[in-house]
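# Close look at the chain arrangement
Okay, here's what each chain looks like letter by letter:
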Amino acid sequence: MTQTPATPKPARFRRLVTAARLGPEALLQRDAGLQASERAALALRPLTANAPPQKVVFLIPLVGRHHVGNWPATCARLMATLSGLQRQSDGNWQAVICGQDRPDGLPEDPRITFLPFTTEVAGNDKWRKLAQLCDHLAELGPQAGYAMTFDADDLAHPELVAEMMARGAAGGYLAQTGYILDHRADTLALAAPRSLSQPLRKPFWKLCGSCAALRFDLANGQPEVDFLREMSQHEHRMFPYLARLAGRPLTALAAPRVLYLLNHGENFGARRGRVSFKTRFVQRFRVSDDSAIRKEFHLQ
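Residues numbered from 1 in each chain as written. Predicted model: local features only at pLDDT ≥ 70, side-chain atom pairs only at ≥ 80, totals over all residues. Heavy atoms only, no water.

Structurally, Asp 154 is set in the loop between β4 (144-149) and β5 (155-156). Although buried, Asp 154 forms no salt bridge, and the nearest oppositely charged side chain, Lys 126, lies 7.6 Å from it. A distance of 2.7 Å separates the side chain of Asp 154 from the side chain of Ser 210, its partner in a polar contact. Side-chain polar atoms of Asp 154 contact the backbone nitrogen of Leu 261, separated by 3.4 Å. Those residues within four positions of Asp 154 in sequence are excluded, and the remaining contacts are Thr 81, Cys 208, Ser 210, Val 258, Leu 259, Tyr 260 and Leu 261. (Helix = DSSP H or I, 4+ residues; strand = E, 2+ residues; numbered from the N terminus. Buried < 20%, exposed > 50% of the residue type's maximum accessible area, 1.4 Å probe, protein only. Lys, Arg positive; Asp, Glu negative; His and termini not counted. Salt bridge = Lys/Arg side-chain N within 4 Å of Asp/Glu carboxyl O. Polar contact = N/O pair within 3.5 Å; in protein donor to acceptor, adjacent residues only side chain to side chain. Contact = heavy atoms within 4.5 Å.)

Moving on, we get to the packing of helix α5 (residues 126-135) against helix α7 (residues 222-232). For the pair α5 and α7, interaxial distance at closest approach is 9 Å and the crossing angle is 165°. By the angle between their directions, the pair α5 and α7 is classed as roughly antiparallel. Considering how the two elements wind past one another, α5 and α7 form a crossing that is right-handed. Along its contact with α5, which presents Trp 127, Leu 130, Ala 131, Cys 134 and Asp 135, the element α7 presents Val 225, Leu 228, Arg 229 and Ser 232. Residue composition of the contact of α5 with α7, grouped by class: six nonpolar, one polar and two charged. (Axes fitted to C-alpha atoms, helices over the stretch in contact; angles between N-to-C directions. Parallel < 35°, antiparallel > 145°, perpendicular 65-115°, else oblique. Left-handed = near helix turned anticlockwise from the far one by under 90°. Nonpolar A, V, L, I, M, F, W, Y, C, P; charged D, E, K, R; others polar.)

Turning next to the pattern of salt bridges. This structure, assessed with the given rule, holds 13 salt bridges. A salt bridge links Arg 15 to Asp 31; the nearest nitrogen and oxygen atoms lie 2.7 Å apart. Of the two residues, Arg 15 is situated in helix α1 (residues 9-22) and Asp 31 in the loop between α2 (24-30) and α3 (36-44); the sequence distance between them amounts to 16 residues. Asp 31 matches Arg 15 in its accessibility class, with the two residues each being buried. Close ionic contact of Glu 163 with Arg 167 constitutes a salt bridge, the shortest N to O distance being 2.6 Å.

With that settled, the discussion passes to helix α6 (residues 160-167). Counting buried positions over the eight residues of α6 gives six, a clear majority of the element. In the segment just after α6, Gly 168 is the residue with positive phi, at about 60°.

Okay, unusual backbone geometry next. Here the phi dihedral of Asp 186 falls at roughly 55°; this positive angle occurs in a residue that is not glycine. Along the polypeptide, Asp 186 turns up in the loop between β7 (178-182) and β8 (187-191). Phi is positive for His 298, close to 55°, though the residue is something other than glycine. Considering the arrangement of structural elements, one finds His 298 in the segment after α11 (291-296).

Moving on, we get to the packing of aromatic side chains. One pass over the full model with this rule turns up four aromatic pairs. On the basis of an interplanar angle of 85° and a centroid distance of 5.9 Å, the ring pair of Tyr 179 and Phe 297 is categorised as edge-to-face. Here Tyr 179 is found in strand β7, whereas its partner Phe 297 is found in the segment after α11, with 118 residues between them in sequence. For the residue pair Tyr 179 and Phe 297, the accessibility class agrees, reading buried in each case. Each ring, one from Phe 281 and one from Phe 285, has its centre 4.7 Å from the other, and the planes form 45°; the classification is tilted. (Phe/Tyr/Trp six-rings, centres within 6.5 Å; stacked < 30°, edge-to-face > 60°.)

Written out as structure tokens, the structure reads:
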């Protein structure tokens, strides 16, 4: 199974303009090439997430034991991810891990649950797991909040949940800034929007999938779940566009709140030959004194 292809950028622009000027119905009638995610976004557009957010829900797809070379190391990285959530200064969060194999050492924390994945998928099954996680959202308890797909090897800053809950963004959040740690080289870099002085720098959301938290309100029914599921089937570079098309633009997080772990030996991107440019990015935008950052993310 593969990711749903991204909509070409010119088409994204045209569809946003049409939806804004003429409305979602006009876009649906005029454009037969809309993807399922775009149709789901337009179905959500008349609806608003009015209920106060109750929790941040982290949706974590876990690679199957049969797809990795070192299962204990894979579990150890997941435990580090979960420890980062347990260190949140605001405890209003839940995490659901979806995979074929229950990970070793899963904490006995009622906020952390395991969702068995039993569907047979040829090739990469990450996207099917993400779909199952989104479909499971209504069974978790919170009727309103933020849903964030989160990779099983990334780390959350202790203030990630607190910021989201305190600010209460109407559409959700986007990580414009964030850190990338090259595990092999033990080098850390800052990802951030480009500037005149750093024209080659990239925002974090273009580099890492743990980058967007979408506001949801299940009082609106199935359209909320449908949108999250269809959006999750795309690469993360589509997230801001789809959120805008749904009428729920994402608000930038105020500070780097996620750390992306690179070159640890089992990165998904390595299987697609897409890690080398990120390695070069870390070398180019290395943080010279990263001791404070490592302390914040409990890397020391």
